Amino acid sequence: MAQLSVNINKIALIRNSRGSNYPDIIQVAKDCERFGAQGITVHPRPDERHVKFSDCYDLKEIVTTELNIEGYPSEKFIQLIQEVKPHQVTLVPDLPDALTSDNGWDTIQHESFLKEIIGELKKTGARVSLFIDPIEQLIEGAAKTGADRIEYYTGPYAHIFPENPEHAIRKYQMTEKFAHQLGLGINAGHDLNLHNLRFFKDRITHLEEVSIGHALICDSLYYGLENTIQMYRRCLD
Ligand code: PXP
């Protein structure tokens, strides 16, 4: 059964917009877990417009499920991981000013860079996952870096899904067995929502975890956070 990790970056964005501590993301993280989240994901970006680097230390103290920290492996990010020691680190190839992650790693071009960093990060005890497009050569490259898992970039899936779900899922279906045979665990994230999540989960047999932020937080404006988390959980059950 795939686990639901709730990305709380958008909660931090609302907090930051007023310069106070409301909503309190620590309380929200605790509540997400109470409502059924099986993990909490944060993505501290260089400009700290969402979650701040300092938030990660506080979250580690209270998250009782799985803390997943995503980010580009800058020196500052690596130091953060070494100090916080989250359960999982997801490395993304984002440029410093990226609006959101919009592509996976080129694991062939960056193999030695990733190998070295992953070696360092694994010393903290964290599981390391690489954000990846569903392409065999890149997945093979991910295995060579020593990563434990890949996180499929599902933006293109979500984009094509409303028009043609079978076409949208094809590349993921074609590559997941290969990834599994290489010993890589499979996560997925980006633009997953209540419409496209179940279809994805039903067809990606080895899916272990999804991290969902934007749509889940938007849905919670209408349904409430507790109901919404339960609705997403039901798509995965
Ligand atoms: N995975 C990665 C690597 C991301 O950067 C993001 C967005 O922060 C997500 C998953 C979650 O995407 P969404 O907010 O669209 O659910």
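Residues numbered from 1 in each chain as written. Predicted model: local features only at pLDDT ≥ 70, side-chain atom pairs only at ≥ 80, totals over all residues. Heavy atoms only, no water.

A.B. asks: Break down the site of the ligand for me, citing the residues and quoting the values.
C.D. replies: With respect to spatial proximity, 16 residues lie near the ligand, and among them Ser101, Glu151, Asp191, Gly213 and His214 are the closest. Glutamate 70 is positioned such that a nitrogen or oxygen atom in its side chain is 3.1 Å from a nitrogen atom of the ligand. The separation between an oxygen atom of the ligand and a polar main-chain atom of aspartate 191 is 2.8 Å. Protein contact buries 94% of the 400 Å² of open area that the ligand shows by itself. Looking at side-chain class alone, the shell around the ligand contains three nonpolar, nine polar and four charged residues. (Near = heavy atom within 4 Å. Polar contact = N/O pair within 3.5 Å; in protein donor to acceptor, adjacent residues only side chain to side chain. Areas by Shrake-Rupley, 256 points an atom, 1.4 Å probe, with all protein chains shown as cover. Nonpolar A, V, L, I, M, F, W, Y, C, P; charged D, E, K, R; others polar.)

A.B. asks: I'd like to hear about the sheet that holds strand S6 (residues 149-153), residue by residue, with values.
C.D. replies: Here eight strands make up a closed barrel; going around it, the order is S1-S2-S3-S4-S5-S6-S7-S8 and the pairing parallel. Between one strand axis and the next, the sheet turns through 25° on average, direction left out of account. Taken together, the five bridges between S6 and strand S7 (residues 185-189) define a ladder with parallel strand orientation. What sits directly across from arginine 149, in S7, is glycine 185. (Pairing = 2+ DSSP bridges. Helix = DSSP H or I, 4+ residues; strand = E, 2+ residues; numbered from the N terminus. Axes fitted to C-alpha atoms, helices over the stretch in contact; angles between N-to-C directions.)

A.B. asks: Provide a residue-level description of the pairing of S6, including the pertinent values.
C.D. replies: The buried fraction of S6 amounts to five of the five residues, a majority that puts the element mostly inside the structure. The alternating pattern of S6 places Arg149, Glu151 and Tyr153 on one face and Ile150 and Tyr152 on the opposite face, and all of these are buried. When strand S5 (residues 127-132) meets S6, the two strands line up parallel, connected through four bridges. Paired with phenylalanine 131 across the strands is glutamate 151, a residue of S6. Since S5 and S6 lie parallel, the crossover through helix H6 (residues 136-145) that links them has a hand, and here it is right-handed. (Buried < 20%, exposed > 50% of the residue type's maximum accessible area, 1.4 Å probe, protein only. Right-handed = clockwise from strand over helix to strand, strands pointing away.)

A.B. asks: Tell me about the packing of H6 against helix H8 (residues 165-181), and please be specific about residues and values.
C.D. replies: Axis separation between H6 and H8 bottoms out at 10 Å; the angle between their running directions is 20°. Viewed along their axes, H6 and H8 adopt a mutual orientation that is roughly parallel. The handedness of the crossing between H6 and H8 is right-handed. Packed against H6, whose contacting residues are Glu136, Ile139 and Glu140, the element H8 presents Met174, Thr175, Phe178 and Ala179 at the interface. (Parallel < 35°, antiparallel > 145°, perpendicular 65-115°, else oblique. Left-handed = near helix turned anticlockwise from the far one by under 90°. Contact = heavy atoms within 4.5 Å.)

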